[in-house]
Structure formats: C-alpha cells, structure tokens
Amino acid sequence: EVQLVQSGGGLVQPGGSLGLSCEVSGFNFGGYVMAWVRQAPGKGLEWVANMKQDESDKFYVDSVRGRFSISRDNAKNSLYLHMSSLRVEDTAVYYCARVAIRGYDLWGQGTLVTVSS
Amino acid sequence: IQMTQSPSSLSASVGGRVTITCRASQGISTLLAWYQKNPGKAPKLLISDASTLQSGVPSRFSGSGSGTHFTLTITSLQPEDSAAYYCQQLYDYPITFGQGTRLEIE
C-alpha cells in the first residue's frame, strides 16, 4: 500500500525545537522530490520546504529559512523536518507530501505542532 | 509569485456549477495544480498541469488556463464537493498557494 505516515509534533514552548518524521511505503522514495506543507489554524495552505532526491538541493519559505531543516534518509524511506527557534506563528498542522510532476500527489495524515508558553 | 484566488467563498446548489479563478502575478505556463481540502484531512490533488485530471477524480472537475489566468470548474455539484479549494504554482520557488476558496453546497 502506498502511504506516508507521519510522527512527531506536539506542544513546544516558543524558542524550542521539535522534529517531524514521515515514513513512506509502497513506492520508490529515493526517486521523488519530497515536501513539507503546513496549515495554521483557520488559515490556508503554506509550502514550507522541498528536498530533491539526492539531497543536493533544499528549498525553504523565507519565514522558516535558517530555523527549519529538511532532510531525508533514502535507505530508511523517511523524510524529516527539524524545527528550531520555534515561534507562535509556526503553530500549524504539518503535512509531508510526495512531489510528482506538476503536483503534490500523495500526502501524510498531518501532525499538529503547537508553539505556546 | 503571488497567487490570487476568487471568490474567497461561495455557495451553490446540488446539481449546479461553479467556477473558481486563480491568477498568478507572473506567467507560470501551465505549472499549476488544484487541491481539495476538507477539515481534518490531507489535501487531495485534483488537477495538475492546469488541466490534467488526476486518476480517480470525478470528471465533473475540470481545469483550464495558462500563463497567469486559471480556472477550476465543478459541474453537477454533489454534497461531498463541499470543501476548500486551493491553487498552487509549481513554476518557481518559493512554491505558493492561493488563499483558498471555501465552497458550500446548499
């Protein structure tokens, strides 16, 4: 079965750190660009970061660059997002997604990150 | 690249037809996708490359456009079409989404 299963997330204080994981199965993980997308409460979708198959290129939205780090382990079929210096405005449901040609065609179930004191 | 969707919300009747517009602040060829988002669920890719319907998506969904102007049309509306819809440009980084259109089926 093709699926992306997320873990991690939770409650963290402002300035803290947190890691998210996305384990995939059912397809050749190493052959795809992968992404993180988030949705803050009551807001729209926001792209967070992309990472190419061979880890050569990583791209970030300006608001997280320097604070978040996307990584992957192709041997473990896993995508990661390490978040540091977290802010209240980073509170959101975070989704991992597979980047197909011209669209994000598979998504994880989402995981809530709450940044609050 | 800024993506501007309109309207921000709309309501329509079962069996009806709606069109959602998405405008890009610069030309993006046909590198545009449409998603359906229900509360508590992951986004679902409906259309890629501006007009390519994804496998399993009902044919009442259709997309068109190129350059800066794009539309998503839903015909024969069904109650399960009640959701938020988002466009997304994949032409350049940062990848950007429209602000979303909330569709209510009466």
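Predicted model, so just to flag it, every value in this text is computed and none were measured.

Participant: An account of the overall build of chain B is needed here, citing residue identities and associated values.
Facilitator: The secondary structure content of chain B amounts to zero helices and 11 strands. Start at the N end of chain B and walk to the C end: the helices and strands fall as β-β-β-β-β-β-β-β-β-β-β. Its C-alpha atoms give chain B a radius of gyration of 13 Å, near enough to 13 Å, the size a compact globule of 106 residues would have. Overall, the C-alpha framework of chain B stretches about 35 × 25 × 25 Å when taken along its three principal axes. The burial tally for chain B puts 46% of its 106 residues in the buried class.

Participant: Could you give an account of the state of the cysteines, with specific residues and numbers?
Facilitator: Going through the model one piece at a time under the given rule, you end up with two disulfides over all chains. With a sulfur-sulfur separation of 2.1 Å, Cys-22 of chain A is cross-linked through a disulfide to Cys-96 of chain A. Note on the Cys-22 of chain A and Cys-96 of chain A pair: the S-S dihedral is about 65°, so by sign convention the disulfide is right-handed. Taken together, the positions of Cys-22 of chain A in strand S3 (residues 18-25) and Cys-96 of chain A in strand S9 (residues 92-100) put the pair 74 residues apart, joining distant regions of the chain. The same class applies to Cys-22 of chain A and to Cys-96 of chain A, which are both buried. What pairs with Cys-22 of chain B in a disulfide is Cys-87 of chain B, and their sulfur atoms sit 2.0 Å apart. Taking the sign of the S-S torsion, 65° for the link of Cys-22 of chain B and Cys-87 of chain B, the bridge is right-handed. Pair noted here: Cys-22 of chain B is in strand S3 (residues 18-24) and Cys-87 of chain B is in strand S9 (residues 83-89), with a separation of 65 residues, a long-range link.

Participant: Which residues make up the sheet that holds strand S8 (residues 78-83) of chain A, and what values go with them?
Facilitator: All names here are of chain A. On the basis of which strands lie adjacent, the open sheet formed by four strands has the order S1-S3-S8-S7 and antiparallel pairing. In this open sheet, the two edge strands, each paired with only one partner strand, are strand S1 (3-8) and strand S7 (68-73). Strand-to-strand twist in this sheet, taken as the mean axis angle between neighbours without regard to direction, amounts to 15°. For S7 and S8, the ladder comprises six bridges, and the chain directions are antiparallel. The residue of S8 that forms the bridge with Ile-70 is Leu-81.

Participant: Before we move on, could you go through the interface of chain B and chain A and cite the residues and values that matter?
Facilitator: Tallying the contact residues gives 18 residues for chain B and 17 residues for chain A. Taking both sides of the interface into account, the surface hidden between chain B and chain A amounts to around 1600 Å²; carbon and sulfur atoms contribute 68%. The three residues of chain B that bury the most area against chain A are Pro-43, Tyr-93 and Phe-97 of chain B, which together make up 34% of that side's buried surface. With a closest N to O distance of 3.0 Å, Asp-49 of chain B and Arg-102 of chain A form a salt bridge. Counting across the chain B and chain A interface gives seven residue pairs in polar contact (both at pLDDT 80 or more).

Participant: Quick one: what's the story with the pairing of strand S7 (residues 61-66) of chain B, residue by residue and with numbers?
Facilitator: Residue and element names in this part refer to chain B. Pairing of S7 with strand S8 (residues 69-74), which is carried by six bridges, proceeds in the antiparallel orientation. Opposite Gly-65, over in S8, you have Phe-70 as the bridge partner. Between S7 and S8, which pair antiparallel in sequence order, lie two residues; one of them, Gly-67, sits at a positive phi of approximately 80°.

Participant: Quick rundown of the pattern of salt bridges? Include the residues and the values.
Facilitator: Taken as a whole and judged by the stated rule, the model has nine salt bridges over all chains. Among the ionic pairs, Arg-98 of chain A bridges to Asp-105 of chain A, the shortest N-O distance being 2.6 Å. A salt bridge links Asp-81 of chain B to Arg-60 of chain B, with the nearest nitrogen and oxygen atoms 2.8 Å apart. On the criterion of sequence distance, the pair formed by Asp-81 of chain B in the loop between S8 and S9 and Arg-60 of chain B in the loop between strand S6 (52-53) and S7 is long-range, its members being 21 residues apart. The two residues Asp-81 of chain B and Arg-60 of chain B agree in class, both being buried.

Participant: Give a description of the nonpolar core that names residues and reports values.
Facilitator: Judged by nonpolar contacts, the single largest core of 45 residues is most densely connected at Trp-36, Leu-81, Met-83, Tyr-94 and Tyr-104 of chain A. Ranked by residue count, the leading element in this core is S9 of chain A, at six residues. For Tyr-94 of chain A, the residues in contact, after removing those within four places along its chain, are Gln-6, Leu-20, Val-37, Arg-38, Val-48, Phe-68, Leu-81, Met-83, Gly-110, Thr-111 and Val-113 of chain A. Formed by 23 residues, the second largest nonpolar core is a distinct cluster that contains Leu-32, Ile-47, Leu-72 and Ile-74 of chain B.

Participant: Could you give me a rundown of the packing of aromatic side chains, with the residues and numbers involved?
Facilitator: Enumeration according to the criterion identifies eight aromatic pairs over all chains in this entry. Seen from their ring centres, Phe-59 of chain A and Tyr-93 of chain B are 3.8 Å apart, and the 5° between their planes marks the pair as stacked. Note that Phe-59 of chain A is positioned in strand S6 (residues 58-60) and Tyr-93 of chain B in the loop between S9 and strand S10 (96-97), a pairing that runs across two chains. For Phe-59 of chain A, a relative accessible area of 22% puts it in the partly exposed group. Judged by relative accessible area, Tyr-93 of chain B falls into the partly exposed class, the value being 31%. Geometrically, the ring pair formed by Phe-61 of chain B and Tyr-85 of chain B is tilted, given 6.3 Å between the ring centres and 40° between the ring planes. Separated by 24 residues along the polypeptide, Phe-61 of chain B in strand S7 and Tyr-85 of chain B in strand S9 bring together distant segments of the chain.

The rules behind these values
Residues numbered from 1 in each chain as written. Chains lettered and ligands numbered in written order. Predicted model: local features only at pLDDT ≥ 70, side-chain atom pairs only at ≥ 80, totals over all residues. Heavy atoms only, no water. Helix = DSSP H or I, 4+ residues; strand = E, 2+ residues; numbered from the N terminus. Rg over C-alpha atoms; globule rule 2.2 N^0.38 Å. Buried < 20%, exposed > 50% of the residue type's maximum accessible area, 1.4 Å probe, protein only. Disulfide = S-S within 2.5 Å. Pairing = 2+ DSSP bridges. Axes fitted to C-alpha atoms, helices over the stretch in contact; angles between N-to-C directions. Contact = heavy atoms within 4.5 Å. Buried area = accessible area lost by both parts, 1.4 Å probe. Salt bridge = Lys/Arg side-chain N within 4 Å of Asp/Glu carboxyl O. Polar contact = N/O pair within 3.5 Å; in protein donor to acceptor, adjacent residues only side chain to side chain. Core = buried A, V, L, I, M, F, W, Y, C linked by side-chain atoms within 4.5 Å. Phe/Tyr/Trp six-rings, centres within 6.5 Å; stacked < 30°, edge-to-face > 60°.

Everything listed is a geometric property; what it means functionally is a separate question.
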